[in-house]
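# Inside the fold
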Amino acid sequence: MCGIAGIVGKDHYLIEKVLSTIESRGPDFQGTTVIGNGRGVLGHRRLAILDLNPRSNQPFWSECGRYCLVYNGEIYNYIELRQELIRGGELFRTQSDTEVLLKWIIAYGIEGLCELDGMFAFALYDDMDQSIVLARDPLGEKPLYYAWGGRSRENFAFCSEIQGLKLIPHVDLGIDSSGISTYLQFLYTAPPHTMYKGIRELPPGCWGMLSLNDLSFFIKRYFDLEEAVEQVSQEDPDPIEGFKRRFFCSIERRLRSDVPVAIYLSAGLDSNAILSAARFLHNQDIKLKAFSIRYSGSRQAEAYDESSIAAEVALRSGCEIDIVDFSMKKSWQETAYRTLDIFKQPFGNPTAIVADQIANYASQSCRVALVGDGGDEICVGYPRYKALPFQLISRYFPSVFKKKLTRISSFMCQLFGKPDLQRRVSKFISSLGQSPAQAFLDWSTYVSATEMPHVIGKDMESEFYLGLLNIFERNQFDLYRAASLVDLMSFVPFNLMQAADRTSMAHSLEVRSPFLSIDLVTYSIAQPSNVRVRRSIKKPMLVNAIGPLLPREILGQPKKPFNPPIRDYIASQFKSIRSVLCNRNAQLNCYVNPTWIDQQLRCFQVGEVENSTLIWGLLVLECWLEAKAKSSRLTGC
């Protein structure tokens, strides 16, 4: 796990400054190498996980001197790939996955990327062709950004994070309107757009080639999740056994490390399945240190807390566990600017606040941690998945029923103090009569498609939103498959993985997601609905595969959010928050209808809608816009 950067053009002398912006991604070693007869440079920051010897430092040149690789990530099946290369006559001088990746690409080209089980973003320089290939893993676990600089685009640069590219002269740092609109809907940005006009993000499953001769650059896709799911054989006589085999394989590979491995543990199925499978694979001998978060201090916080159950399970498993007391004592300003410091652009999911704190604690004793991200998407764990069949028949409901249901549900949810449930029910009712595709996307967003024109003052459906709509519609012969595909091509890479990468790497910690093995993902999604969903069992594929290994009390646990108690946090500072968002000089007013913002705050204040996450996202956006405006005033730009 590392950070990479490169500059081609007259400004390549800035590589040291660019690398300094990603120091936390690789505190163990910094290396650079000149390429293209002095026309460019590649840089690398190393976090040593495999083969800790300096012989595996990067940039990593091939023996022949033609190729050079800078790479961020882990290739979990590097042992199997290495053995195949050795059978073909290759010799190795290290025990690293870096050397395996380099030799594998040389031997099999871009087509060989589909054989990798891992998370990665890399740049491969070819001295003979005078070109650089950039590539990113299929599910976007590792980031990669690029930009052109110079008055005539005479510089090309890439980096693992946005901040490094802002140092390149004449990169267009104007605000990207597509980035703004996507953020308002989803509370994250999606490639190729960022919040900056001149900085782009390479999409997951894609590769691009840069010519050093004329700085021409093109992008192509090497992996398509929809196609991969379609190609999964449906002839497996026992899909549960097939899932189990792939799940165990994924965990076994993600335990490979030359440093100790930890686990983020809750009372949920996913993290406990990982722990139970890891101990089974190693005959109970494996030592995994667990970390769990403890929420306290408010009614909402205590409702979310699972630490006592996690501690009990860990103790019974012979697993050492540290409980991290989650704190939101800082002002909202401090918390918002900490978020911006990590992501370098707005990111509205408050789960990142939790992930930052647990990563900070875990990194003091560990360098690698397993997490349960992706389990809900491949095992149909979200409530909105289960609501799809009911939504499908809603077209037969009379409109008067919809109005009465809205009033009754709102009253009941407020009566029993269930604001999260109120939000879900409200979204479900508002979607009655829509197509399943439109409904699912509205459930997954914070501003619906019909509301967007009122919010931003113009009728504009983003290319990203329309693309997700098309994905769902192409697959709606199986609603659960359609929903999983949409989430794995949006929410997972641009929300979950972005948060996991930035919060962990801010503390020099590597997180690994066993549920996101491509083989496991495609196999799971390809299974028919009666395998993936059972009325009486949560996540039946997972439970039926390893149920006997799971602690009994875990199987009956209701699903709880990993989110912090953001509603209570906002309520405790509401006056200050309102004064900022409703200020007539707020930067948000240039992009968002002030009346709509005021309406959202009023709804929160009276408890009409549980929209605390949206309000948090607006706060982070306002802080970023204000900081950007201040920077522009100081520099005169």
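Residues numbered from 1 in each chain as written. Predicted model: local features only at pLDDT ≥ 70, side-chain atom pairs only at ≥ 80, totals over all residues. Heavy atoms only, no water.

## Some words on the overall build of the chain
Check the secondary structure of the chain and you find 29 helices and 17 strands. Whereas a compact globule of 637 residues would reach a radius of gyration of roughly 26 Å, the chain reaches 24 Å, a difference of no more than 12%. Expressed along its principal axes, the backbone C-alpha trace of the chain runs to roughly 75 × 65 × 45 Å. Put simply, of all contacts in the chain between residues at least 6 apart along the chain, 72% involve residues at least 24 apart. Surface summary for the chain: the accessible area is close to 25800 Å², and the carbon and sulfur share equals 52%. Looking at charge distribution, the chain has the averaged site of its 70 positive side-chain charges lying 6 Å from that of its 70 negative ones. (Helix = DSSP H or I, 4+ residues; strand = E, 2+ residues; numbered from the N terminus. Rg over C-alpha atoms; globule rule 2.2 N^0.38 Å. Contact = heavy atoms within 4.5 Å. Areas by Shrake-Rupley, 256 points an atom, 1.4 Å probe, with all protein chains shown as cover. Lys, Arg positive; Asp, Glu negative; His and termini not counted. Charge placed at Lys NZ, Arg CZ, Asp CG, Glu CD.)

## Some thoughts on the nonpolar core
Formed by 192 residues in total, the largest nonpolar core has its most connected members in Phe 122, Phe 243, Phe 247 and Trp 616. Setting aside chain neighbours within four positions, we find Phe 247 in contact with Ala 273, Ile 274, Ala 277, Phe 515, Leu 520, Leu 542 and Ile 546. In this structure, Ile 132, Leu 144, Leu 210 and Leu 215 belong to the second largest nonpolar core, which totals 22 residues. (Core = buried A, V, L, I, M, F, W, Y, C linked by side-chain atoms within 4.5 Å. Buried < 20%, exposed > 50% of the residue type's maximum accessible area, 1.4 Å probe, protein only.)

## Some points on helix α11 (residues 332-343)
For α11, with 12 residues, the first-to-last C-alpha span of 17 Å sits near the 16 Å given by 1.5 Å per residue. If you check which residues of α11 are buried, you get Trp 332, Thr 335, Ala 336, Thr 339, Leu 340, Ile 342 and Phe 343. The buried residues of α11 all sit within an arc of 165 degrees when viewed along its axis, so they share a single face. Where α11 ends, the next residue or the one after it, Lys 344, has phi of about 65 degrees, a positive value. (Expected span 1.5 Å × (residues − 1). Arc of directions from axis to C-beta.)

## Looking at the state of the cysteines
Formally, a disulfide is one covalent bond, and it connects the sulfur atom of one cysteine to the sulfur atom of another. In the structure shown here, the tally under the stated rule is 0 disulfides. Free cysteine Cys 379: the closest other cysteine sulfur is in Cys 249, separated by 16 Å. (Disulfide = S-S within 2.5 Å.)

## Thoughts on the pairing of strand β1 (residues 2-8)
Taking burial as the measure, the 7 residues of β1 include 7 buried ones, the bulk of the element. What you see with β1 is no split at all: Cys 2, Ile 4, Gly 6 and Val 8 on one side and Gly 3, Ala 5 and Ile 7 on the other are buried throughout. The pairing of β1 with strand β3 (residues 40-46) spans 7 bridges and is classified as antiparallel. Along β3, the bridge assignment pairs Cys 2 with Arg 46. (Pairing = 2+ DSSP bridges.)

## Notes on the pattern of salt bridges
Counting across every chain of the model gives 37 salt bridges. The salt bridge involving Arg 66 is made with Asp 129; its shortest N-O contact spans 3.8 Å. Placement of Arg 66 in the loop between β4 (60-61) and β5 (67-75) and of Asp 129 in the loop between β6 (118-126) and β7 (131-136) is noted, with a sequence separation of 63 residues between them. Arg 66 gets classed as partly exposed once you look at its relative accessible area, which sits at 24%. (Salt bridge = Lys/Arg side-chain N within 4 Å of Asp/Glu carboxyl O.)

## Observations regarding the sheet that holds β3
Judged by pairing direction, the sheet is antiparallel, and its 6 strands sit side by side in the order β2-β3-β1-β9-β8-β10 without closing on themselves. For this open sheet the edge positions go to β2 (29-35) and β10 (199-201), each flanked by a neighbour on one side alone. The mean angle between the axes of side-by-side strands here comes to 15 degrees, regardless of whether they run parallel or antiparallel. (Axes fitted to C-alpha atoms, helices over the stretch in contact; angles between N-to-C directions.)

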